Structures are given as structure tokens and as C-alpha cells.
Protein chains: 2
Amino acid sequence: MASVTAPSARSMVRTFVRHYSAPIDSSIPASKVKYIPTSGTYPKGFKVSGTYVGVKAANKSNPDLAFIVSDRPAFGAAVFTTNKFQAAPVQVSRTVLEKRGGAGLRSIIINSGCANAVTGVGGLEDAQSMSDTATAQFQQSSQAEDGFGANSLVMSTGVIGQRLPIQKILSKIPSAYANIDDTHNAWLATAKAICTTDTFPKLLSTTFTLPSHPETEYRLAGMTKGAGMIHPNMATLLGILTTDAAISAPALKSLLTSAVEKSFNSISIDGDTSTNDTVAILANGAGTPSATTAPIPDDATSPDYAAMASILTSFAQRLSQLVVRDGEGATKFVQVSVRNAATAADARLIASTIARSPLVKTALYGKDANWGRILCAIGYTPNLSSADAVVPSKTNVSFVPAATSKSKDEGVLKLLVNGEPEAVDEDRAARLLEDEDLEIEVDLGTGSEDAQYWFCDFSHEYVTINGDYRT
Amino acid sequence: MASVTAPSARSMVRTFVRHYSAPIDSSIPASKVKYIPTSGTYPKGFKVSGTYVGVKAANKSNPDLAFIVSDRPAFGAAVFTTNKFQAAPVQVSRTVLEKRGGAGLRSIIINSGCANAVTGVGGLEDAQSMSDTATAQFQQSSQAEDGFGANSLVMSTGVIGQRLPIQKILSKIPSAYANIDDTHNAWLATAKAICTTDTFPKLLSTTFTLPSHPETEYRLAGMTKGAGMIHPNMATLLGILTTDAAISAPALKSLLTSAVEKSFNSISIDGDTSTNDTVAILANGAGTPSATTAPIPDDATSPDYAAMASILTSFAQRLSQLVVRDGEGATKFVQVSVRNAATAADARLIASTIARSPLVKTALYGKDANWGRILCAIGYTPNLSSADAVVPSKTNVSFVPAATSKSKDEGVLKLLVNGEPEAVDEDRAARLLEDEDLEIEVDLGTGSEDAQYWFCDFSHEYVTINGDYRT
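Fair warning: this is a prediction, and the values are worked out from it, not measured in the lab.

(A) Representation of the overall build of chain A within the structure. When you go through chain A residue by residue, the secondary structure sums to 11 helices and 15 strands. Looking at chain A as a whole, 64% of its 471 residues qualify as buried. A total accessible area of about 15,600 Å² is found for chain A, and carbon and sulfur atoms account for 51% of it.

(B) View of the sheet that holds strand 10 (residues 333–341) of chain B. Residue and element names in this part refer to chain B. A sheet is described by the order of its strands in space; here 7 strands give the open sequence 8-15-10-14-11-12-13, paired in mixed fashion. The sheet terminates laterally at strand 8 (267–268) and strand 13 (420–421), the two strands that pair on one side only. For strand 11 (residues 396–401) and strand 14 (residues 437–443), the ladder comprises 6 bridges, and the chain directions are antiparallel. Of the residues in strand 14, the one forming a bridge with Val400 is Glu439. The strands touched by helix 6 (residues 303–325) within the sheet are strand 8, strand 10, strand 14 and strand 15 (449–456), with strand 15 carrying the most contacts at an inclination of about 40°. Relative to the sheet, helix 8 (residues 358–365) contacts strand 8, strand 10, strand 14 and strand 15, its axis offset from that of strand 15 by approximately 60°.

(C) Layout of the environment of A:Ala77. Residue and element names in this part refer to chain A. The residue Ala77 is located in strand 2 (residues 65–80) in this model. When its relative accessible area of 3% is taken as the criterion, Ala77 is described as buried. Counting along the chain gives 205 residues from Ala77 to Leu282, while the straight-line C-alpha distance between them is 6.9 Å. Beyond its immediate sequence surroundings of up to four residues, Ala77 is in contact with Leu97, Leu252, Lys253, Leu256, Val279, Ala280 and Ile281.

(D) Here's a closer look at the environment of A:Asn418. All names here are of chain A. In this fold, Asn418 is placed in the loop between strand 12 (413–417) and strand 13 (420–421). Along the sequence, Asn418 and Asn396 sit 22 residues apart, while their C-alpha atoms lie 5.4 Å from each other. With near-sequence residues (within four places) excluded, Asn418 lies in contact with Pro392, Ser393, Lys394, Thr395 and Asn396.

(E) Region of interest: the UniProt feature "active site" (unreviewed entry) in chain A. Residues and elements named next belong to chain A. The UniProt feature table records "active site" (unreviewed entry) at Thr236. On the secondary structure map, Thr236 appears in the loop between strand 6 (218–225) and strand 7 (238–243). Residue Thr236 is classed as buried on the basis of its relative accessible area, which comes to 13%.

(F) Looking closely at the pattern of salt bridges. Residue and element names in this part refer to chain A. Summed over the entire model, instances satisfying the criterion amount to 26 salt bridges over all chains. Between Glu410 and Arg428 there is a salt bridge, and its shortest N-O distance comes to 3.2 Å. Taken as a pair, Glu410 in the loop between strand 11 (396–401) and strand 12 and Arg428 in helix 10 (residues 426–434) lie far apart in primary sequence, 18 residues in all. For Glu410, a relative accessible area of 38% translates into the label partly exposed.

(G) Fine view of unusual backbone geometry. Positive phi is not limited to glycine here, since A:Val118 has a value of about 55°. The topology assignment puts A:Val118 in the loop between strand 3 (105–114) and helix 2 (120–136). On the basis of relative accessibility, which here comes to 12%, the residue A:Val118 falls in the buried class. Positive phi outside glycine occurs at B:Asn116, with the angle close to 50°. Within the secondary structure, B:Asn116 is located in the loop between strand 3 (105–114) and helix 2 (120–136).

(H) Representation of helix 6 (residues 303–325) of chain A in the model. End to end, helix 6 of chain A covers 33 Å across 23 residues, agreeing with the expected 33 Å (1.5 Å per residue, within 8%). Among the 23 residues in helix 6 of chain A, 17 count as buried, and that is most of the element.

(I) Molecular detail of the packing of aromatic side chains. All names here are of chain A. The full count for this structure, using the stated rule, is 12 aromatic pairs over all chains. Summarising the aromatic geometry, the rings of Tyr42 and Trp187 are spaced 4.8 Å apart at their centres and angled 10° between planes, so their arrangement reads as stacked. Of this pair, Tyr42 sits in the segment before strand 1 (46–51) while Trp187 sits in helix 4 (residues 184–193), and the two are 145 residues apart along the sequence. Just as Tyr42 is buried, Trp187 falls in that class too. A connected cluster of aromatic rings, assembled from ring pairs, spans Phe67, Phe138 and Tyr177. In this structure, Arg325 is placed above the aromatic ring of Phe333, and the distance from its NZ or CZ to the ring centre is 3.8 Å.

(J) The sheet that holds strand 14 (residues 437–443) of chain A, seen in detail. Residue and element names in this part refer to chain A. The strand order 8-15-10-14-11-12-13 describes an open sheet built from 7 strands, whose pairing is mixed. The sheet is open, and its two borders are formed by strand 8 (267–268) and strand 13, each paired with just one other strand. Relative to strand 14, strand 10 (residues 333–341) runs parallel, the two being bridged by 7 bridges. By the bridge assignment for strand 14, Phe333 is matched with Asp437. Sitting on the sheet, helix 7 (residues 344–356) touches strand 8, strand 10, strand 14 and strand 15 (449–456), and the angle it makes with strand 15 is about 20°. Where helix 8 (residues 358–365) meets the sheet, its contacts fall on strand 8, strand 10, strand 14 and strand 15, and the angle it forms with strand 15 comes to roughly 60°.

(K) Up close: the pairing of strand 11 of chain B. All names here are of chain B. Among the 6 residues in strand 11, 6 count as buried, and that is most of the element. Burial of strand 11 is two-sided: the residues Asn396, Ser398 and Val400 facing one way and the residues Val397, Phe399 and Pro401 facing the other way are all buried. Where strand 11 meets strand 12 (residues 413–417), 3 bridges bridge the pair, whose relative direction is antiparallel. Following the sheet pairing, Val397 is matched in strand 12 by Leu416.

(L) Inspection of the packing of helix 5 (residues 249–261) of chain B against helix 6 of chain B at higher detail. All names here are of chain B. At a minimum axis separation of 9 Å, helix 5 and helix 6 run at an interaxial angle of 40°. Taken as axis vectors, helix 5 and helix 6 run oblique relative to one another. Remark: the crossing between helix 5 and helix 6 carries right-handed chirality. In this structure, helix 5 contributes Ala251, Ser254, Leu255, Leu256 and Ala259 to the contact, and helix 6 contributes Tyr305, Met308, Ala309, Leu312, Thr313 and Ala316. Classifying every residue of the contact of helix 5 with helix 6 gives 9 nonpolar, 2 polar and no charged.

(M) Geometry of the state of the cysteines. Counted under the stated rule, the structure contains 0 disulfides over all chains. Here A:Cys195 stays free of any disulfide, with the sulfur of A:Cys456 as its closest cysteine sulfur at 16 Å. Given a relative accessible area of 2%, A:Cys195 falls into the buried group. B:Cys376 takes part in no disulfide bond, and the closest cysteine sulfur, belonging to A:Cys114, lies 13 Å away. What makes B:Cys376 buried here is its relative accessible area of 0%.

(N) View of the confidence of the model for chain A. Residues and elements named next belong to chain A. Averaged over all residues, the pLDDT of chain A is 86; the fraction at 70 or higher stands at 87%. Contacts for the low-pLDDT stretch residues 1–24, under 50 throughout, to residues beyond four places or in other chains number 74 contacts. In the predicted structure, residues 229–235 sits below a pLDDT of 50 and forms 55 contacts with residues beyond four places in sequence or in another chain.

(O) Here's a closer look at the packing of helix 1 (residues 88–100) of chain A against helix 2 of chain A. Residues and elements named next belong to chain A. One way to put it is that helix 1 packs onto helix 2 with a least axis distance of 8 Å and a crossing angle of 50°. When the interaxial angle is binned, helix 1 and helix 2 end up oblique. Both helix 1 and helix 2 take part in a crossing whose hand is right-handed. Of helix 2, the residues touching helix 1 (which contributes Ala88, Pro89, Gln91, Val92 and Val96) are Gly123, Leu124, Ala127, Gln128 and Ser131. Looking at the contact of helix 1 with helix 2 residue by residue, the classes come out as 6 nonpolar, 4 polar and no charged.

(P) Broad picture of the environment of B:Ala344. Residues and elements named next belong to chain B. Structurally, Ala344 is set in helix 7 (residues 344–356). Accessibility expressed as a relative area gives 39% for Ala344, which makes it partly exposed. On a C-alpha basis, the gap between Ala344 and Ser398 in space is 20 Å, while along the polypeptide they are 54 residues apart.

Procedures and definitions
Residues numbered from 1 in each chain as written. Chains lettered and ligands numbered in written order. Predicted model: local features only at pLDDT ≥ 70, side-chain atom pairs only at ≥ 80, totals over all residues. Heavy atoms only, no water. Helix = DSSP H or I, 4+ residues; strand = E, 2+ residues; numbered from the N terminus. Buried < 20%, exposed > 50% of the residue type's maximum accessible area, 1.4 Å probe, protein only. Areas by Shrake-Rupley, 256 points an atom, 1.4 Å probe, with all protein chains shown as cover. Pairing = 2+ DSSP bridges. Contact = heavy atoms within 4.5 Å. Axes fitted to C-alpha atoms, helices over the stretch in contact; angles between N-to-C directions. UniProt positions renumbered as here; feature names shortened; annotations may be inferred. Salt bridge = Lys/Arg side-chain N within 4 Å of Asp/Glu carboxyl O. Expected span 1.5 Å × (residues − 1). Phe/Tyr/Trp six-rings, centres within 6.5 Å; stacked < 30°, edge-to-face > 60°. Lys NZ or Arg CZ within 6 Å of the ring centre and 35° of its normal. Parallel < 35°, antiparallel > 145°, perpendicular 65-115°, else oblique. Left-handed = near helix turned anticlockwise from the far one by under 90°. Nonpolar A, V, L, I, M, F, W, Y, C, P; charged D, E, K, R; others polar. Disulfide = S-S within 2.5 Å. pLDDT = per-residue confidence, 0-100.

Listed below in C-alpha cells is the structure:
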């Protein structure tokens with residue numbers, strides 16, 4: 001396993017070193033252990049496995065191939081990166097979904113260690129062969145029985161511009177299939193297999209009911225990986241959601257798109273977006289009370305649809321926040337809430353601009369209550385709806401203690417009130433900034449629209465990690 | 001003088017420490033000394049001074065008040081920050097220029113150590129009183145003899161949200177005026193007085209001629225300060241240009257706007273833009289062969305106008321590049337050239353997106369030829385002119401050795417050719433990345449428009465400096 005150092009500061013940053021490519025071993029940071037579940041409630045009809053391949057030669061033992069399998073055809077949907085350079089697996093998965101109309105999906109096959117991005121025609125063939133080989137496990141050829149071709153989505157994450165060791169990967173897919181299981185440990189191993197620079201596996205599960213038959217308990221499970229390059233639209237970020245509810249293909253698409261907008265597309269580590277980002281969902285209906293239970297329709301007025309939208313958004317937010325918790329080098333978890341904007345787009349643009357500002361991010365790392373930088377970021381936000389979207393004399397900025405803060409009882413700390421700076425109690429500010437969790441509240445006073453964003457700070461470790469990623 | 005440390009890494013980063021607020025003393029880094037001129041050719045009719053005030057209590061001896069004076073009324077123009085939160089001096093200077101129609105200007109008065117931004121009505125009064133008190137040195141009241149009010153521009157740079165120690169500043173303006181001189185040392189002291197986190201003063205001068213009377217030599221001098229928060233539109237960046245050519249007020253405005261677009265608005269340190277950014281120019285005509293020499297008209301077809309545009313742009317580029325050389329924590333100076341874009345705006349957007357990418361910037365710091373990150377940045381550039389502005393199969397990316405590179409004779413290193421990765425000679429890449437100066441060339445192949453941008457890397461020192469700026 002490669003150790004990572006920034007050449008020009010090699011000796012100084014030794015203690016910041018983080019291991020790569022297959023970092024999930026006993027060295028999970030103590031502060032992160034609390035984010036790893038020790039049990040879970042996983043959707044019926046799904047089995048999963050995490051298998052060792054050795055995609056990166058340096059990886060000698062850690063699982064780097066994840067296989068998520070439904071025992072019956074499932075509806076599926078995905079949200080893909082908007083980067084112009086779309087990795088081969090993104091192109092293949094998009095085609096699989098289009099050909100099948102989001103129906104009849106059986107699995108998702110994922111490797112870490114190599115992104116299979118900017119790899120030309122050969123890379124596309126590699127991604128297709130991963131999907132085909134996964135499909136073959138279900139006694140289907142790529143000219144599958146149902147006539148729609150491969151039924152497996154494919155994802156890759158890692159370094160750009162290198163070809164996959166495709167034969168190694170393909171040769172392990174049968175054993176990956178042989179090893180699928182529905183235990184918590186299987187889910188955890190799978191979540192580990194998709195990690196790259198992540199310091200801990202990100203896995204969540206929950207149960208829920210739907211208004212139309214409240215006696216039936218459904219299950220929803222998800223895993224994600226991220227770390228660097230996380231920003232809207234999206235990043236070296238993979239997210240996989242699975243549920244045993246029955247949701248029609250078009251409903252799944254609109255539910256996922258909306259949930260991702262308010263979760264995976266509302267987080268920022270460094271503002272960079274990657275070639276591979278994909279959040280996919282499979283819904284296999286295995287939890288329905290009967291085989292004839294109607295799937296949730298694509299109708300926002302349906303009570304089941306509305307309930308599912310709320311459940312999925314909230315779950316995706318919790319899951320995506322784990323990515324921020326594990327931002328490369330992050331020491332802070334910050335929520336920025338922009339309120340009373342003229343338009344929802346304005347609120348979102350301002351929240352994302354604050355979340356991306358290197359000066360805000362370094363000030364938070366330094367525990368410096370430098371609200372001037374927050375104000376600057378508000379002030380230079382591009383593409384707002386009108387010249388009056390931000391009015392200095394109506395702008396309010398506050399720090400809000402997190403629910404877990406020791407100084408929670410001291411309440412909100414106002415920094416700027418109607419454009420005029422408050423006399424800030426620096427001791428109070430210092431106490432707030434000692435907390436890992438913090439909320440920045442911006443009230444624009446120019447409308448009634450809100451947005452939330454979650455981000456982390458920029459640290460020395462961020463620079464160290466990203467200064468020498470490829471080694 | 002405050003020493004700067006990031007609290008959570010205090011002991012590790014000791015050797016990265018940079019001094020603040022009035023850092024210009026004998027401790028100029030050896031690598032930067034070459035950028036400080038030892039002589040100059042300064043415009044006739046201008047005298048300048050750098051004076052100690054102690055705007056920051058911690059500053060015990062370094063000049064922090066700059067006064068740039070023309071011995072006769074000059075035409076003037078300025079480009080201001082587009083941040084919604086405009087500092088008081090920006091508002092006052094804008095009004096001075098508007099009231100006077102860009103004519104009859106006598107001076108620019110500048111303090112460092114406090115930005116006088118987000119300081120409400122009191123801050124506006126402070127900025128106005130600096131302009132008025134400067135004006136009073138020329139035996140004019142703020143109801144000036146010519147009836148157009150104050151004739152001095154005002155600038156401030158430093159921390160946001162704190163009031164100026166205005167009486168201290170005003171009380172020193174008369175001695176600042178008494179000390180003005182036209183020597184190189186006076187210009188250097190003035191350039192030092194505007195610095196904040198800069199590690200060296202940024203001063204340039206040159207001579208030039210105009211086509212209409214080529215026997216006459218004019219002079220052009222400029223100073224700037226920057227460091228962090230530098231990006232288009234613009235940053236905690238001040239620029240002051242002076243010339244003894246005669247240039248009409250409207251010509252000066254259009255010439256400056258165009259030059260700034262290709263210089264100060266084409267550099268990036270961290271992508272943040274501030275409340276105070278101002279680049280101003282004064283042209284006093286003192287170098288003209290006779291008092292009746294016609295000023296350069298606002299007419300792009302005039303040979304003098306065209307020559308002046310070229311001279312001013314090139315000079316502003318050299319000056320603004322010094323800001324990148326002194327980017328907070330910078331170890332690299334990178335030019336990104338985007339060629340053959342569909343539109344000039346596309347070329348510029350892509351260049352600026354690469355220049356702002358934290359992942360590109362940290363890879364350069366780490367001397368990692370991670371061209372995938374450059375490609376990612378190209379691929380996620382927002383707001384391009386069309387869906388075909390970037391076509392992966394037409395995209396080429398290369399490293400070009402700088403003129404000063406030891407490996408210059410090895411020529412261009414191709415990384416991506418028509419969307420396909422090259423087999424990169426990593427030793428060659430490593431040699432290129434050892435250089436301080438580097439050019440990244442992107443050929444989009446979708447049109448014929450070009451843009452250039454200059455930026456620096458993100459280092460550990462950047463995080464250290466910005467983690468605790470206010471102390």
C-alpha cells in the first residue's frame with residue numbers, strides 16, 4: 001500500500017498520512033467509528049458481496065469489487081455526472097437503463113482502484129464486459145432472454161486515464177456472485193469495496209411504511225463513497241440505493257432526481273466534479289404484501305409518491321452527509337442554510353458559493369470567525385436572478401450551534417444584522433468553532449426561498465492527500 | 001507583529017509561517033528578490049510616498065499609508081470589484097470619478113491594515129474624509145475650487161468589518177504629502193505601504209512611444225498588492241497605474257477596462273473575490289511634447305489608441321502576474337492557454353475553471369502530472385455557449401515548458417490527443433513539474449478563440465496562512 005506524502009513537505013506531514021486505494025482496514029480513525037453501523041435492516045430480495053481483485057497492484061488484500069444483486073428483476077434509475085468527459089461505465093450504465101426502460105435490472109457491479117475514464121473505445125468495451133459478465137451470472141447473455149441486453153449497471157472509481165485490469169476483474173465476478181449474502185457483514189464488506197480515499201465505509205439502512213398499506217414495513221439501504229472531488233453534478237462519488245418497495249420506473253427516476261438534488265448535489269468537498277459520478281437506485285418490490293401490489297406511480301399527487309419522496313430525500317441526505325464527514329482532510333462538518341432568497345436557485349447558488357470558497361473553508365479549519373469571507377462569497381455569487389437578489393442592508397449572517405454543541409444553550413451568534421456588523425463576542429465565537437459541527441445561517445431578506453448545503457473545511461491534510469494522489 | 005499558525009497543527013507548520021499586516025522588511029524571501037526592481041523610469045509630474053501610521057496596532061514601524069500625487073490635474077479611471085458588498089472606499093472613489101467625469105484628479109490615498117468594508121455609514125464617512133483630507137493638501141476643500149468636489153481616489157485593504165483608526169490616518173496625511181518624492185526609493189516605499197500578506201512589493205515601470213509623435217518617450221509605472229482572494233472581478237487586490245501620456249477620460253476608461261480583463265481579471269489565487277478590489281489609472285499628460293498635444297481619443301481606430309491598448313495590456317499583465325508570483329503559499333506559476341474555443345467567453349470560462357480547481361492546484365503543488373483533473377475541470381465548466389463547446393474527441397491537453405525551464409529543449413509534453421490519453425513519460429513529466437513556471441495548453445478544436453489565465457498552486461502554507469488570518 002502506498003504511503004502518501006507531499007514531496008516538498010515530506011517530513012512535516014508524516015502524521016497526516018492517509019492510506020489509499022484500499023484503505024479500509026483496522027486503521028479507521030477513532031472519530032469516525034461512530035458513523036459505521038453495527039447492524040442494519042436490509043431490503044428483502046437483495047444480496048451483496050465485497051470481493052478482493054487487486055485492481056491496483058498495490059492493493060494486496062482489501063475488497064475492491066462490489067456486487068449488489070436482486071433475486072428478481074427490479075426497477076432502476078440513476079443520476080449521472082454532467083461532466084463532458086463521461087467515464088465508460090457511465091456511458092454503459094446509461095445505455096443499459098435506456099434500453100431497458102428502467103426495468104428488469106438484476107445487479108450493480110462496481111470496482112474501485114481505477115475509474116475507467118478517458119480510456120477510449122477499449123475502456124467502453126471493458127465497462128460493457130463487466131456489465132455483460134454480471135448479467136451472465138443470472139443465466140442471461142448480453143443478448144438477454146428478455147431481448148433488452150445486459151441487466152447490470154456498472155460503476156468504477158479511482159484514477160483517470162488508466163485501463164482496467166479487465167481480465168482480473170471478469171475472472172472474479174463468478175466468485176463475487178457465489179459470495180453474495182444478505183447479512184450485515186456482507187453489506188459492510190460491499191460498502192468497503194467501493195471505497196477509495198475514504199477513511200470509513202458509508203452504509204445506512206432504515207425501514208418505512210407507505211400510506212396506502214401502513215401495516216407493511218419496507219426497507220431502504222444505501223451505500224456511498226466519496227472523499228475528494230465532491231460537488232453538485234457531482235464528483236468521484238458513487239451512491240447505491242436499494243429498496244424492497246415497488247416503485248415504477250418513471251416514478252423512481254423522478255424521485256431519485258429530486259432526492260439527489262437536495263442531498264448528493266447539495267454537498268461540497270472541494271467543488272471539483274468528476275467523470276464517474278453516479279447515484280443509482282434499484283427497487284425490487286420484494287417487500288410488498290402481495291405480488292399484485294401496485295408500484296408507486298409517477299404522480300406527485302399520490303400519497304405514496306409524496307411519502308416516498310420525503311423518505312428518499314431524507315435518507316439520501318443522511319447518506320450524502322457521510323461523504324462530507326469523510327471529506328479529504330476534513331475537520332469540520334458545516335451546514336449552510338440560506339433563507340428568504342428571492343428564488344430557490346438564488347438560495348442554492350449562494351449556499352454553494354459559500355460552500356466552495358477556499359477562504360471560508362480555511363477560516364473554518366483555522367477556527368477563525370472571519371464572517372467577512374462569508375459575506376464576500378455571498379457578494380460574488382454569480383448568475384443570481386436579479387441585481388436585487390442580494391441587498392447588503394437586508395443581509396443577515398449568524399453562526400448556529402449544532403444540536404451536539406456544548407455551547408448550544410448560548411443560542412445563535414449574530415455576526416451581521418441588516419448589513420451592519422455585530423460586536424462579536426470572540427470567546428463565544430471561539431467556543432462555537434471548537435465544535436466539529438456548525439451551521440452558518442444566511443438570511444437574505446429578499447424573498448421566501450430556502451436552500452441547504454453541507455460542506456467541510458480545507459486542511460493541511462487536504463493538500464497533502466491531493467498533492468500526490470496517484471502514487 | 002503577529003505570527004501565524006493554524007491552531008490544530010501549530011507545531012508542525014512552524015517553518016511555513018509568514019508574517020502579516022506589514023510584512024515588508026528585510027525578510028523578503030530570497031526567491032522573490034528578483035521581482036523587486038532596483039531602479040525605474042517613473043512618469044513625469046508624479047510624486048509618491050509611503051508613510052507609517054500603524055493602522056493595525058500590531059504594526060509598529062512599517063509604512064501603511066500610500067500617497068500618489070500628480071502635480072497637475074490628471075484624467076483618471078478605475079475598475080472596481082463586482083462584489084455586492086462594496087467597501088466604503090470603493091463607493092467613495094466611484095463617486096469621485098463620476099462627479100468629475102474622470103477629470104481633474106490629483107491623487108490616490110491608500111491605507112493597508114483595514115479594508116473599511118462592511119462598516120456602515122460611519123465607514124463611508126471615514127473613506128470620504130480620507131479623500132477630502134487628501135484633496136485639502138492641494139489647497140482644495142471638498143467643495144473644490146472647480147466645483148466638482150474631492151479630487152482624490154481612496155483605497156483600503158485589510159480585514160473586513162472593522163472601522164479604520166481614522167484620526168490616526170487623517171493626522172498623517174499632511175506628512176505623507178510633505179514626504180512625496182519622485183525617486184525610485186519613494187516609489188518602492190509606496191508600493192510597500194499598500195502590502196498586506198504580500199511577501200514583496202510589486203512595482204514596475206517602463207517607457208513607450210506613440211505613433212503620432214514617435215520622438216517623444218512616455219513613462220508608465222504601476223504598483224499592485226494581492227496575495228489571497230484573487231480572481232476575476234477581482235479580489236483583495238489593488239492596482240495603481242500612472243502615466244505621463246495624455247489620454248482622454250473616456251479613452252482611459254475603455255483602455256483600462258480592456259487591459260484589466262486580460263490581466264488582473266485573468267489571474268486566480270483561490271477564486272475568492274473581495275469587497276475592495278480596485279485598479280485605477282491616472283494620466284497627467286506631463287510627458288507630452290507640448291501643452292497642446294491632443295490626448296489620445298476614445299477611438300479604437302486611432303493608431304495612438306491601438307498602441308496604448310497594447311502597451312497598457314501588456315504592462316498590466318506583467319504587473320498582475322507579480323500577484324500570482326506572490327500568491328499565498330504559492331510554489332508554482334502556471335499559465336493556462338485555452339486555444340481554438342468556439343467563443344472567447346468559452347475559452348475564458350474553461351481557463352478560469354482550471355485555474356480555480358482545488359484538485360488541479362494541489363496536484364501541481366505535489367508535482368503530480370494528474371492531467372485527469374485538468375480534464376475534469378474542462379468537463380465541468382459551467383455556462384458554456386453550447387453543448388458542443390467541449391467535444392472529448394477533439395480535446396487536446398499538453399504541458400509546455402516555460403522559457404526558463406531546464407527541460408525546454410524537450411518541447412511540448414502531450415497528455416491527451418483528441419480525447420485519447422498519451423503514454424506519458426513520467427520522468428519527463430516529473431522534470432517539467434520541478435520547474436516553478438509551467439504552461440498548460442488546452443486545444444478544444446471547436447473554434448478559433450483563445451484565452452490565457454495565470455494562477456498558482458495550493459500549498460500547505462496557503463492553508464496555514466488563511467486558517468488564521470485575523471490574528
